[in-house]
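# Breakdown of the fold
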Amino acid sequence: MMEKFLNEFKSIKDDLVHISEELYQHPELGNEEFKSKQLLVNYLKKNNFKIEEGLNNIPTSFRATYTSDLPGPTIAYLAEYDALPGIGHGCGHNLIAVTSMGAGIALSKIMEQTGGTVIVLGTPAEESDGAKVLMAEQGIFNNIDVAMMAHPGGVSEESGATLALDAIQFAFTGKTSHAAAAPEQGINALDGVIQLFNGINALREHVTPDVRMHGVISEGGTAANVVPDYAVAQFYFRAETRRTLNEVVQKVKHIADGAAAMTGTTVELSNYELSNDNLVTNQHLSKQFMKNLRTVTNEPIQTKDKPSGSSDIGNVSQVVPAIHPIIGMNDKSLVPHTKRFADKTVTEDGRAFIKKGVLSLAQTGYDILTDSKLLETIKQEFDNNKSAGARLATYGLD
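Below: a short report on this structure. (Residues numbered from 1 in each chain as written. Predicted model: local features only at pLDDT ≥ 70, side-chain atom pairs only at ≥ 80, totals over all residues. Heavy atoms only, no water.)

## Here we look at the overall build of the protein
Heads up, the condition is: Put simply, DSSP marks the helices as runs of H or I at least four residues long and the strands as runs of E at least two long, and each gets a number from the N terminus on. Only the C-alpha atoms count toward the radius of gyration. The rule for a globule is 2.2 Å times the residue count to the power 0.38. Two residues form a contact once any of their heavy atoms are found within 4.5 Å.
Within the protein, the secondary structure is distributed over 12 helices and 14 strands. What you see for the protein is a C-alpha radius of gyration of 23 Å, in line with the 21 Å of a compact globule of 398 residues. Along the first, second and third principal axes, the C-alpha set of the protein runs to 80 × 45 × 40 Å. Once local pairs closer than 6 in sequence are excluded, the contacts in the protein between residues at least 24 apart make up 81%.

What follows is the structure, given as structure tokens:
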């Protein structure tokens, strides 16, 4: 079947490369990807997919569906297409978009024999507000059997884990005054933020090594001779599991309350981005994908030992078996979220990623459509993880 997919890929290769380069040339930020979405939607329409746009009031999202005349499993490929401010496609979402789309199209060409349904799901704003979070909460994945995507990187890695994430804003309110003439009448909101940082820094000694806490002061006053009555800090808090992260966030809430009490301010906490759960990779699904990837590349494939970042695909993995492998672009020194990474996506190595991703994802989808025992094993692993408490979707500020 891989030879069949290779022939299908050759027929759409130039179109996929062109769309990827168009996305690179015209990057759009999260929830603003209107032209990017339209490029993908138009091409999927051309390939006989049924299109639904603006899912659950997410304007730049879409669901493209191809259903055969025979019953069978539903395979979803996840497309990301948002860019980074000032960098463009420094995380390679232009490649992710066309690879998921290409895999869906290739798989659709053989489904009249296999049965089943293939969905290409357009998931905006991965870099910021993570549409997959809302999609998972709102039931978009409820009738899907497996969800897959492949991410570009410097070297190839098995699908591993990601860190659970809470993005929390701390807004301190005080009282303005002249800092020299009447300092005793002022209440310094910036002091509250500074004590928050001090408290969080003290907490670092008492958290597990997987925990990450990093923040900035986004508002701190307007002039040195005016006591600031409003100051804001924004933090990312991360941990390997949602359970650990919830415990950390509870401690941080107490620190914020203490900082306010010490400085006479008040503090309000809010989530300024949607929370991400940790990715629970389905190992049986991952093993099948890696088997297929090895048939199309001779590159070494690494095991991902520890999670280092966060993604909204973690929330997807809470409700459906999912994988998020990395396919390398032949450069161990490549660092994501850089202009150099973005430029790499439109080189020969970037084009090679598209081929490897489309073939591996399509073949894995075919394996699931035609091997009921494989799908049963994948689902049993998912159920076992759920029963063992690997999934806990209660957020720290709820």
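Now that the structure is up, let's keep going.
## Quick notes on the packing of aromatic side chains
Two numbers describe a pair of aromatic rings. These are the distance of the centres and the angle of the planes. As a reminder of what qualifies: To pair, rings of Phe, Tyr and Trp, with the six-membered ring standing in for Trp, must have centres within 6.5 Å; the planes then decide the type, stacked if under 30 degrees apart, edge-to-face if over 60, and tilted in the middle. Each residue gets one of three labels from its accessible area relative to the maximum for its type: buried under 20%, exposed over 50%, partly exposed in between, using a 1.4 Å probe on protein chains only.
Per the counting criterion, the structure on display carries 8 aromatic pairs. Ring geometry for phenylalanine 170 versus phenylalanine 235: centroids 6.0 Å apart, planes at 90 degrees, classification edge-to-face. Taken together, the residues span a long stretch of sequence, with phenylalanine 170 in strand E8 (residues 164-173) and phenylalanine 235 in strand E10 (residues 230-239) at a distance of 65 residues. Taken as a pair, phenylalanine 170 and phenylalanine 235 share a single burial class, namely buried. Among the aromatic side chains, those forming a connected cluster through ring pairs are Phe170, Phe197, Phe235 and Phe237.

## As for the nonpolar core
Going by this rule: Residues enter a nonpolar core if they are buried and are Ala, Val, Leu, Ile, Met, Phe, Trp, Tyr or Cys, with the set joined through side-chain atoms within 4.5 Å.
Core analysis: the biggest nonpolar cluster contains 57 residues, and Leu16, Leu44, Phe49, Met101, Leu107 and Ile354 have the highest contact counts within it. Setting aside chain neighbours within four positions, we find phenylalanine 49 in contact with Leu44, Ala64, Thr65, Tyr66, Gly104, Ile105, Ser108, Val118 and Val120. Counting 24 residues, the second-largest nonpolar core is a separate cluster that includes Ala164, Ile200, Met213 and Ile255.

## Observations regarding the sheet that holds strand E13 (residues 322-323)
The following threshold applies: We call two strands paired when DSSP finds no fewer than two bridges between them.
Sheet architecture is open: 6 strands sit in the order E1-E2-E4-E3-E5-E13, paired in mixed fashion. The sheet is open, and its two borders are formed by strand E1 (50-53) and E13, each paired with just one other strand. Relative to strand E5 (residues 146-148), strand E3 (residues 74-79) runs parallel, the two sharing 3 bridges. The partner of tyrosine 77 across the bridge, within E5, is methionine 148.

## Focus on the pairing of E8
Along E8, 8 of the 10 residues are buried, which leaves the element largely enclosed by surrounding structure. Pairing between E8 and E10: 10 bridges, direction antiparallel. Counterpart to alanine 171 in the pairing with E10 is valine 232.

## Here's the deal with helix H3 (residues 93-108)
Put simply, the rule reads: One less than the residue count of a helix, multiplied by 1.5 Å, gives the span that helix is expected to have.
Under the 1.5 Å per step criterion, the end-to-end length of H3 is 22 Å for 16 residues, consistent within 8% with the ideal 22 Å. Burial runs high along H3: 16 of the 16 residues are buried.

## Quick word on unusual backbone geometry
Here the phi dihedral of asparagine 330 falls at roughly 65 degrees; this positive angle occurs in a residue that is not glycine. For asparagine 330, a relative accessible area of 58% gives the class exposed. Backbone geometry places histidine 337, a non-glycine residue, at a positive phi of 65 degrees. Within the secondary structure, histidine 337 is located in the loop between strand E14 (326-328) and helix H10 (339-344).

## Describing the sheet that holds strand E9 (residues 212-219)
We apply this condition: Helix axes are fitted only over the stretch in contact, all axes being lines through C-alpha atoms; the angle between N-to-C directions runs from 0 to 180 degrees.
Read across the open sheet, the 4 strands follow the order E9-E10-E8-E11; overall the sheet is antiparallel. The open sheet terminates on both sides in strands that have one partner only, identified here as E9 and strand E11 (266-271). Each neighbouring strand pair of the sheet contributes to a mean axis angle of 20 degrees, computed without reference to strand direction. Relative to E10, E9 runs antiparallel, the two being bridged by 7 bridges. Bridging from a neighbouring strand, histidine 214 pairs with tyrosine 236 of E10. Helix H6 (residues 189-203) contacts E8, E9 and E10 of the sheet and is inclined by roughly 20 degrees relative to E10. Along the sheet, helix H7 (residues 242-263) contacts E8, E9, E10 and E11; its crossing angle with E8, the most-contacted strand, is approximately 10 degrees.

## Focus: the side chain of serine 317
How we decide: Nitrogen and oxygen atoms within 3.5 Å of one another constitute a polar contact, given that in protein one can donate a hydrogen and the other can accept it, and given that sequence-neighbouring residues count only through two side-chain atoms.
Structurally, the position occupied by serine 317 is in the loop between helix H9 (313-316) and E13. What makes serine 317 buried here is its relative accessible area of 0%. One polar contact links the side chain of serine 317 to the main-chain amide nitrogen of valine 280, over a distance of 3.0 Å.

## As for the environment of leucine 44
Mapped onto the elements of the fold, leucine 44 is located in helix H2 (residues 34-46). In sequence terms leucine 44 and leucine 269 are 225 residues apart; their C-alpha atoms lie 42 Å from each other. For leucine 44, the contacting residues outside a window of four places in its chain are Phe49, Ile51, Phe62, Ala64, Met101, Ile105 and Val120.

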